[in-house]
Amino acid sequence: MQKEAKNPILLPKKTIKKDSMNRIRILGGTPLNGHVNISGAKNAALPLLTVTLLTDEPVTLTNVPNLADIHTLLELLDQHGVEIDTALPTVTLRTRTLKSNVAPYDIVRRMRASFLVLGPLLARHGSAVVSLPGGCAIGTRPVDIHLMGLEKLGASIKLDGGYVHASAPSTGLRGADVSMPMISVGATENLMLAATLATGTTRLINAAREPEIIDLAKCLNAMGAKIEHAGTDTIIIEGVDSLHGVTHAVQPDRIETGTYAMAAAITRGELILDNTSLDLIPTVTSILEQAGMIFTPTENGFSARAGNLKGVDMMTEPFPGFSTDLQAQFMALMTSATGASMITETIFENRFMHVPELCRMGANITVHGSSALVRCGTPLKGAPVMATDIRASVSLVMAGLAAEGETIIDRIYHLDRGYESVENKLRQCGAHIERITGD
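Keep in mind that what you see is a predicted model, and the values were worked out from it rather than measured.

Teacher, can you tell me more about the overall build of the chain here?
Within the chain, the secondary structure is distributed over 14 helices and 24 strands. In summary, the chain has a C-alpha radius of gyration of 22 Å against a globular reference of 22 Å for 439 residues, a match within 12%. Reported as C-alpha extents along the three principal axes, the dimensions of the chain are approximately 65 × 45 × 40 Å. Within the chain, buried positions represent 56% of all 439 residues.

Right under this line is the structure:
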């Protein structure tokens, strides 16, 4: 029997400091060597936390990363009335009754994934008022596909004052065919969550195929949902009357996996990545091998190191293509290779904001529209730089690890949103890195 949460949420809010004066200081030039334990996937954990809104029984998640974004969503669930017992990496949640169906701007603006409460609130509770989302400033990410899909399921949608006002018919949501005009991970997740309690069959056509979608489907099916073909471009959901509690382990973070693999290569060291798998990053692995990286499977993960690195071209694509969340890290790696690399970003229009910061460190990168030409082999030198989003921030950490001299990275609250204990993990592998405060 699962232990029920006895008290309202007790969040270790001060574990993650969002003080904009916090900085990362790195003395570069030391190869990384050792083991890195890969944390649970943030992008899997966030939608998994919202499944509690679909049942009145306890939901226990293990392998949950200790990140600012996780705490933001727990704060949102708390104000909805969810009972939360957190002892990370384990979180137990229970939604006996709903205290509020409003997801306020002050919370949702901090993180786009907060918008994922819309589908569950609508499906089980019949109505929801959710602020239009915020998050990283990496480009336009409209929610129109979410709303179109929910309308297909019978919801009434109205936009007013920056909020989505949604209500289900008195008979509840009804299954339907939803053909998405473009692949959207968030819309696929929101519609999966909503369709589990809809009457009849829902088909999500042109659905996202990311591993996080499969992880969400596994959890929902373990709760009694009937979801088939998750991980393909057409997901079929047969609605059920109710869902029960579950204990579910969050999958390893494939973005963190790729990041540390490339960190090993850019410093010309070797890292053994534990609690992960090359199967999570098949296309990334293939391109990195073309660039000269060497991967060796281990019992609990794999080792990663650089061979003779050379520039290769890369284009971001939806999964199973090369993830946009690894584009900035790949660009940092290419600065240390030989030759040239053309990197094309097809997902977000503003995801080259790390380029000027890498150039401050000596990189030779020219942007032409949605492509960036990296003239490889220019030695990096430490400099003061500024993070602009989650993945850009860690690309600057990678560059600082490889650069000559001292690098100071400002605005690292972005880093805290997506990477758990990054300084400790790197320091244990020989990096000279520390977090500093003030001037």
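What's the story with the sheet that holds strand 20 (residues 365-368) in this structure? I'm lost.
Note: strands within a sheet are paired through backbone hydrogen bonds, in either parallel or antiparallel orientation. Across the sheet, four strands lie side by side as 18-19-21-20; this open sheet has mixed pairing. Only two strands of the sheet have a single neighbouring strand rather than two, namely strand 18 (314-315) and strand 20. Most of the contacts of helix 10 (residues 327-334) go to strand 19 (residues 340-344), to which it runs at about 170 degrees, and overall it touches strand 18, strand 19, strand 20 and strand 21 (371-375).

How do you make sense of unusual backbone geometry when you look at a structure like this?
Negative phi is the rule for most residues except glycine; trans is the rule for most peptide bonds. For the bond from Leu-88 to Pro-89, the omega torsion is 20 degrees, close enough to zero to count as cis. With respect to the helices and strands, Pro-89 occurs in the loop between strand 4 (83-87) and strand 5 (90-94). Residue Pro-320 is bonded to the preceding Phe-319 through a cis peptide linkage, with omega at 15 degrees. Of note, Asn-206 is a non-glycine position whose phi angle comes to about 65 degrees, a positive value. Note on placement: Asn-206 falls in the loop between strand 11 (201-205) and helix 7 (211-222).

I would appreciate a short explanation of the nonpolar core in the present structure.
The nonpolar side chains of soluble globular proteins are, as a tendency, buried together. Membership of the largest hydrophobic core comes to 75 residues, with the highest contact counts inside it found for Met-192 and Leu-220. Aside from chain neighbours lying at most four places away, what touches Leu-220 is Val-51, Leu-54, Met-192, Leu-193, Thr-196, Ala-225, Ile-227 and Leu-243. The next biggest cluster of nonpolar side chains, apart from the first, holds 68 residues, and it includes Ala-265, Ile-281, Leu-326 and Leu-333.

Before we go on, may I ask you to explain the environment of Ser-286 in this structure?
Residue placement: Ser-286 occurs in helix 9 (residues 282-290). Given the relative accessible area of 34%, Ser-286 is considered partly exposed. The spacing of Ser-286 and Gly-382 is 96 residues in sequence and 30 Å in space, taken between C-alpha atoms.

It is not clear to me how the pattern of salt bridges should be interpreted in this structure. Could you clarify?
Opposite charge on two side chains permits pairing when their charged atoms draw close. For the structure on display, the rule yields 15 salt bridges. Across the salt bridge formed by Arg-109 and Asp-106, the nearest N and O atoms sit 3.4 Å from each other. The partly exposed category is assigned to Arg-109, whose relative accessible area is 39%. Among the salt bridges present, the one from Arg-110 reaches Asp-106, with a minimum N-O distance of 3.8 Å. Relative accessible area serves as the criterion here: at 24%, Arg-110 is assigned to the partly exposed category. With relative accessibility at 43%, the residue Asp-106 sits in the partly exposed group. Salt bridges linked by common partners bring Glu-75, Asp-106, Arg-109 and Arg-110 together as one network.

Could you clarify how one ought to interpret the environment of Val-178 in this entry?
By the element assignment, Val-178 lies in strand 10 (residues 177-179). Exposure remark for Val-178: the relative accessible area of 1% places this residue in the buried category. A sequence separation of 56 residues divides Val-178 from Thr-234, and the C-alpha atoms of the two residues are 9.7 Å apart. The residues touching Val-178, leaving out its near neighbours within four places in the chain, are Met-148, Gly-149, Lys-152, Leu-191, Arg-203, Leu-204 and Ile-205.

Whenever I open this one, the environment of Asn-33 confuses me. Can you help?
You can see Asn-33 is positioned in strand 2 (residues 33-37). Since its relative accessible area comes to 44%, Asn-33 is described here as partly exposed. Along the backbone, Asn-33 and Ala-304 are 271 residues apart, and their C-alpha atoms lie at a distance of 10.0 Å.

Hey, could you run me through the side chain of His-248 in this one?
Examined against the element boundaries, His-248 turns out to sit in strand 14 (residues 246-249). Polar side-chain contacts of His-248 include one of 2.9 Å to the side chain of Asp-215. Not counting the four nearest positions on each side in its chain, His-248 is found in contact with Leu-48, Thr-60, Leu-61, Thr-62, Asp-215, Lys-218 and Cys-219.

Conventions we followed
- Residues numbered from 1 in each chain as written.
- Predicted model: local features only at pLDDT ≥ 70, side-chain atom pairs only at ≥ 80, totals over all residues.
- Heavy atoms only, no water.
- Helix = DSSP H or I, 4+ residues; strand = E, 2+ residues; numbered from the N terminus.
- Rg over C-alpha atoms; globule rule 2.2 N^0.38 Å.
- Buried < 20%, exposed > 50% of the residue type's maximum accessible area, 1.4 Å probe, protein only.
- Pairing = 2+ DSSP bridges.
- Contact = heavy atoms within 4.5 Å.
- Axes fitted to C-alpha atoms, helices over the stretch in contact; angles between N-to-C directions.
- Core = buried A, V, L, I, M, F, W, Y, C linked by side-chain atoms within 4.5 Å.
- Salt bridge = Lys/Arg side-chain N within 4 Å of Asp/Glu carboxyl O.
- Polar contact = N/O pair within 3.5 Å; in protein donor to acceptor, adjacent residues only side chain to side chain.

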